[in-house]
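Given next are the chains, with one letter for each unit.
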Amino acid sequence: MKCVVAIDGTASSGKSTTARLLAKKLGVTYLDTGAMYRAVTYLLLQEDGLQASDGLLQKVLLSSPLEFKILNRKLYVYLDGKLLENELRTPEVDRWVSHVAEHLSVRAFLVAKQREIGKRRRLVCEGRDIGSVVFPDAALKVFMTCDLEERTRRRKKELIEKGIERGFEEVKLNLQKRDEIDSTRKLSPLTRTTDAFYVDTTHLTIEEQVELIEAEVQKRMEGK
Ligand code: DC
């Protein structure tokens, strides 16, 4: 098990940017597990499979043309050989991804892939169940959150940068709903484990978030 840092937390709390920059600083692979759940959601939207039973989903996934590759210490997702990027971050995927992530077959399929990726690499891995389920032996577990209004502003800005205009209330409602589903689902819900380092990013810049966690990694490495 080579997970160095496991970051979990609420939607748009700054996990992805922080994890990406931290991984770069530490010289390890950055694994965005949300992108994997988004890729499955995109696949199901394409194949009209959102209502499929868990058993059927398992079959679909086992024979799916989805590929998860690590190149230059970063995850790339391909469907039928085509790289998926902005397709994973549309409001439609936002709308469905938490429902898709409730399925046992989806979680089992993706957790196995994540552990496989972690077998041979040192990782900064982020998601909702990383410290609690996927890599419980991570050297450092982080739980990240942020005030909902601030998260809404950040997510809205991110959407605008992708040329997608959405109202503040619509974006806020989606984040709120996803958090609710993600933290109340039966399987591997988002939880703050007792051994997680808690970071509230509401009043922090990205640089401050990264520095804070990097300092904590150093402390753990030095056994403090
Ligand atoms: O990190 P993100 O917002 O891109 O994740 C999208 C959704 O995927 C999130 O709302 C819940 C699900 N997810 C999950 O259930 N477990 C993970 N480890 C990562 C994401």
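See the structure shown above.
Residues numbered from 1 in each chain as written. Predicted model: local features only at pLDDT ≥ 70, side-chain atom pairs only at ≥ 80, totals over all residues. Heavy atoms only, no water.

What follows covers the overall build of the protein chain. Broken down by element type, the protein chain carries 9 helices and 8 strands. Each principal axis of the C-alpha atoms in the protein chain carries an extent, and together these give about 50 × 40 × 35 Å. Considering the protein chain as a whole, with its 224 residues, one finds that 51% of them fall into the buried category. A fraction of 76% describes how many contacts in the protein chain between residues 6 or more apart in sequence connect residues 24 or more apart. Charge centroids of the protein chain, computed over 39 positive and 35 negative side chains, lie 4 Å from each other. (Helix = DSSP H or I, 4+ residues; strand = E, 2+ residues; numbered from the N terminus. Buried < 20%, exposed > 50% of the residue type's maximum accessible area, 1.4 Å probe, protein only. Contact = heavy atoms within 4.5 Å. Lys, Arg positive; Asp, Glu negative; His and termini not counted. Charge placed at Lys NZ, Arg CZ, Asp CG, Glu CD.)

On to empty space enclosed by the protein, then. For the structure shown, the criterion picks out 1 cavity of 30 Å³ or more. Within this model, the largest cavity holds a volume of roughly 50 Å³. Looking at the largest cavity, the residues that line it are A6, D8, R128, G131, S132, K141, V142, F143, T191, T193 and A196. Those elements that provide at least two residues to the lining of the largest cavity are β1 (3–9), α6 (130–134) and β7 (140–145). Considering every element that reaches the lining of the largest cavity, the biggest residue donor is β7, with 3 residues. Tallied by class, residues from the lining of the largest cavity come to 4 nonpolar, 4 polar and 3 charged. (1 Å grid on protein atoms, 1.4 Å probe; cavity = no way out; pocket = protein on both sides within 12 Å on 5 of 7 lines; lining within 4 Å. Points joined across faces, edges and corners; volume = space filled by probe spheres on them. Nonpolar A, V, L, I, M, F, W, Y, C, P; charged D, E, K, R; others polar.)

This brings us to the pairing of strand β3 (residues 66–71). Residues L66, F68 and I70 line the buried face of β3, whereas the alternating positions E67, K69 and L71 sit on a face that is not buried. Inspection of the sheet shows β3 paired to strand β4 (residues 74–79) by 6 bridges, in the antiparallel sense. Counterpart to L71 in the pairing with β4 is K74. Where β3 folds back on β4, the antiparallel hairpin that results is connected by 2 residues, among which N72 adopts a positive phi of roughly 50 degrees. (Pairing = 2+ DSSP bridges.)

Taken together, the neighbourhood of the ligand is formed by 16 residues, with R38, R107, D129, D182 and R185 sitting nearest. Contacts to the ligand include T33, whose side-chain N or O atom sits 3.0 Å from a nitrogen atom. Take R178: an N or O atom from its side chain is 2.9 Å from an oxygen atom of the ligand. Within the complex, the protein chains bury 97% of what would otherwise be the 450 Å² of accessible surface of the ligand. Mapped by element, the contributors of at least two residues to the shell around the ligand are α2 (33–46), α4 (91–100) and α8 (168–184). Examining the composition of the shell around the ligand, we find that 4 residues originate from one element, α2, more than from any other. For the shell around the ligand, a count of residues per class yields 4 nonpolar, 4 polar and 8 charged. (Near = heavy atom within 4 Å. Polar contact = N/O pair within 3.5 Å; in protein donor to acceptor, adjacent residues only side chain to side chain. Areas by Shrake-Rupley, 256 points an atom, 1.4 Å probe, with all protein chains shown as cover.)

Our focus in this paragraph is the packing of aromatic side chains. All told, the structure shown has 1 aromatic pair when counted by the stated rule. Plain terms: the ring middles of F143 and Y198 are 6.3 Å apart, the flat faces sit at 10 degrees to each other, and that makes the pair stacked. Pair noted here: F143 is in strand β7 and Y198 is in strand β8 (residues 197–200), with a separation of 55 residues, a long-range link. Owing to a relative accessible area of 10%, F143 belongs among the buried residues under this scheme. For Y198, a relative accessible area of 37% puts it in the partly exposed group. The ring of Y76 has K74 lying over it, and the distance from NZ or CZ to the ring centre is 4.7 Å. (Phe/Tyr/Trp six-rings, centres within 6.5 Å; stacked < 30°, edge-to-face > 60°. Lys NZ or Arg CZ within 6 Å of the ring centre and 35° of its normal.)

Further remarks concern the pattern of salt bridges. All told, the structure shown has 20 salt bridges when counted by the stated rule. Several salt bridges converge on common partners, so that one network encompasses R38, D94, R155 and E158. (Salt bridge = Lys/Arg side-chain N within 4 Å of Asp/Glu carboxyl O.)

The next thing to look at is the pairing of β4. Direction of pairing for β4 relative to strand β5 (residues 82–84): antiparallel, over a ladder of 3 bridges. Directly across from Y78, in β5, lies its bridge partner L83.

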